[in-house]
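# Examining the three-dimensional arrangement
Listed below are the residues making up each chain.
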Amino acid sequence: MRTKFEHDGLKGSLIERVRRKQIVTGAISTIAANGLAHSSLAKIAADVGVSRGVISYHFSGRDELIEQVINALFVETNRFVKARVDAVEDAAAKLRAYIEASFEFMIDNRDNFVALVDIWGSFGSPEAKQRFNATMYDPCRRHVERLLRQGQDSGAFRAFDPSTLATTIQGAIDGVMLQWVFDEHAVDLTGCAAELVAIFDLATRA
């Protein structure tokens, strides 16, 4: 049986996690609407409906908050896509699920991608961009590469370099995403998803 102290500690931890998530989610919306350069802690606090002191209690500063924003953007996307991929069995279906889920998440979470692109463009040094790109692209490429290798191992996919094709697939998805971020009404994400599924089904099948 937990003591009152243990129970209150668990409750406090849960409340803190919820509050941190609220602040991170609010920061994403603020950055998407105003750009990173104009998203001060005071502005984020006002948009979230808390004091700046509350943000300072949960985060050591703006840099840590932005770091957690970046982490949340990738974690949320990857969790959604992975769940869709894991729900199907054969290699072709997994690749199709990866592409379709990537676009479905974009459609439902535009602020995430607008904020992501703005944050990427705000890094001043090549080293910062490289670290960001490694965080962003490496897990995605590795995920697709594993799917492609599994398809080759099962005989469903033809012979090709999985690393190169994984880069191509992820590049196609992100290329469409960038165009959509810059001009939402010029890009049909659902149509693009269908076309990419067809293209890479033909490109991979044995």
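Look above for the structure.
To keep things clear, this report deals only with the structure shown in the data block.

### Brief notes about helix H7 (residues 126-154)
Taking 1.5 Å per residue, 29 residues should reach 42 Å; H7 reaches 40 Å between its end C-alpha atoms and fits that length. Largest kink in H7: about 30 degrees, centred on Tyr137, with the proline Pro139 one to four residues after it. Looking only at H7, the buried set comprises Ala128, Phe132, Met136, Cys140, His143, Val144, Glu145, Leu147, Leu148 and Gly151. On the buried face of H7, the contacting elements are helix H4 (62-86), helix H5 (91-108), helix H6 (110-122), helix H8 (162-182) and helix H9 (189-204). Gly155 sits one or two positions beyond H7 and adopts a positive phi of about 85 degrees.

### Observations regarding the side chain of Glu145
Relative to the assigned elements, Glu145 resides in helix H7. Given a relative accessible area of 19%, Glu145 falls into the buried group. Beyond its immediate sequence surroundings of up to four residues, Glu145 is in contact with Pro162, Ser163 and Ala166.

### Re the packing of H4 against H5
Closest axis-to-axis distance for the H4/H5 pair is 8 Å, and the angle between their directions is 145 degrees. Note on packing geometry: the crossing formed by H4 with H5 is right-handed. Residue-level contacts link Glu76, Thr77, Phe80, Val81, Arg84, Val85 and Asp86 of H4 to Lys94, Ala97, Tyr98, Glu100, Ala101, Ser102, Glu104 and Phe105 of H5. Grouping the amino acids of the contact of H4 with H5 by side-chain chemistry returns seven nonpolar, two polar and six charged.

### Focus: the nonpolar core
With 60 residues, the main nonpolar core has Ile55, Leu65, Val69, Ile99, Phe103, Leu148 and Ile169 as its most contacted residues. Among the secondary structure elements, those contributing two or more residues to this core are helix H1 (4-34), helix H2 (41-48), H4, H5, H6, H7, H8 and H9. Residues in contact with Ile99, not counting those within four places in the same chain, are Ile169, Ile173, Ala193, Leu196, Val197 and Phe200.

Reading the values: rules and limits
Each chain has its residues counted from 1, running along the sequence as written. Totals for whole chains, interfaces and linings use all residues, but because this is a predicted model, local features are given only for residues with pLDDT of at least 70 and pairs of side-chain atoms are given and counted only at 80 or more. Computation of side-chain values covers all heavy atoms of the structure but excludes hydrogens and water. To qualify as a helix, a DSSP run of H or I must reach at least 4 residues; to qualify as a strand, a run of E must reach at least 2; elements of each kind are numbered from the N terminus. Here a helix's expected span is defined as the number of its residues, less one, multiplied by 1.5 Å. Consider a residue and the seven residues that end there alongside the seven that start there; fitting an axis to each set, the bend is the angle between those axes. Exposure classes here rest on a 1.4 Å probe applied to the protein chains alone. A residue is buried below 20% of its type maximum, exposed above 50%, and partly exposed in between. When checking whether two residues touch, look at their non-hydrogen atoms; a contact exists if any pair is within 4.5 Å. Lines fitted to C-alpha atoms define the axes here, with helix axes fitted over just the stretch in contact, and angles between the N-to-C directions of these axes take values from 0 to 180 degrees. In a left-handed crossing the near helix is turned counterclockwise from the far helix by less than a right angle, and in a right-handed crossing that turn is clockwise. Just so you know the grouping, Ala, Val, Leu, Ile, Met, Phe, Trp, Tyr, Cys and Pro go in nonpolar, Asp, Glu, Lys and Arg go in charged, and all remaining residues, Gly too, go in polar. Definition of nonpolar core: a set of buried residues of the types Ala, Val, Leu, Ile, Met, Phe, Trp, Tyr and Cys, connected through side-chain atoms within 4.5 Å.

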